[in-house]
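The lines below spell out each chain.
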Amino acid sequence: MATVVAFHAHPDDEVVLTGGTIARAAAEGHRVVIVVATDGRVHDTEGDHRLTELRCSADILGADRVECLGYADSGYGPQFLPDPPGRTRFGRADVEVAAGRLAAILREESAELLLSYQANGGYGHRDHVQVHRVGARAAELAGTPRVLEATMPRELLCRVGQLARLVGLPEPYEKQIMATAYAPRATITHRITVARYGGLKRDALAAHRSQVRGAGARLLGVLRRLPAAVSGLLFAREWFVDPALPPGARRRTLFD
């Protein structure tokens, strides 16, 4: 059995991009460690409930350990807020320092695999772009043999946006962002089947209560009433790119 470290920017990212993969790896007997760069707080007035929600989500998915590197959330959008007193926003973090913190966990765990993000950060969030930089450097420092970069097929995301418009729900991202978001299907190397763990992914997502509002809350309410088998159909796959493989190589498991 192997140790997998899933490195994410914020609490709840672990579910959206890798929840099914984490649950499957844990169910198959692998040790899974979730590391988030930030505690999810953009403003110091916010409480630490997001880390509490993260631990609840990790328990649902079967992860063995949860760690936070301690940075502040950089926020999303054109305005890059100043650092809060005594803390650094992850988007401004010194890559070597942050990578050293993550590398220490990778060494301590003797991790065989690091789950990280692509260079575009999926949809361009500055913290997600920084996850790629820090994750790649940490793997070098720790000698972690493999890195898989979590992603989604861009074509699927565009179809989801079209469907959302039809039923009156907000699109995942603005059109100009979706044009370059995540990865073209032809470049994805790993397609992990996680249908069996759809119910766990749904419940782990629901654990992040503070992040589900408005139309998202209505949608989550519908999802929570669905049988696990139906949730499995909705969350049937998760996708990764192995930068060491040729684009489009077809792998079906993390260790294939």
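Residues numbered from 1 in each chain as written. Predicted model: local features only at pLDDT ≥ 70, side-chain atom pairs only at ≥ 80, totals over all residues. Heavy atoms only, no water.

Mapped onto the elements, leucine 254 comes out in the segment after strand 7 (237-241). Taking the C-alpha atoms as reference points, leucine 254 and aspartate 242, separated by twelve residues in sequence, lie 10.0 Å from one another. Not counting the four nearest positions on each side in its chain, leucine 254 is found in contact with Val4, Thr21, Ala25, Leu113, Leu115, Arg146, Leu148, His190, Ile192 and Phe240. (Helix = DSSP H or I, 4+ residues; strand = E, 2+ residues; numbered from the N terminus. Contact = heavy atoms within 4.5 Å.)

The subject of this paragraph is the pattern of salt bridges. Here the structure, examined in full by the defined rule, presents 14 salt bridges. Ionic pairing is found between arginine 65 and glutamate 108, a salt bridge with its closest N-O pair at 3.5 Å. One end of the pair, arginine 65, is in strand 3 (residues 65-71); the other, glutamate 108, is in helix 3 (residues 95-109), and 43 residues separate them in sequence. Arginine 65 serves as the salt-bridge partner of glutamate 109, at 2.7 Å between the closest nitrogen and oxygen. Placement of the pair is glutamate 109 in helix 3 and arginine 65 in strand 3, with a sequence separation of 44 residues. Here the salt bridges do not stand alone but share partners, grouping Arg31, Arg65, Glu67, Glu108 and Glu109 into one network. (Salt bridge = Lys/Arg side-chain N within 4 Å of Asp/Glu carboxyl O.)

Another aspect to go through is the packing of aromatic side chains. A full pass over the atoms with the stated rule returns three aromatic pairs. On the basis of an interplanar angle of 50° and a centroid distance of 5.4 Å, the ring pair of tyrosine 71 and phenylalanine 90 is categorised as tilted. Linking tyrosine 71 in strand 3 with phenylalanine 90 in the loop between strand 3 and helix 3, this pair joins segments that are 19 residues apart in sequence. What makes tyrosine 71 buried here is its relative accessible area of 6%. Classification of phenylalanine 90 by relative accessible area gives buried; the value is 0%. (Phe/Tyr/Trp six-rings, centres within 6.5 Å; stacked < 30°, edge-to-face > 60°. Buried < 20%, exposed > 50% of the residue type's maximum accessible area, 1.4 Å probe, protein only.)

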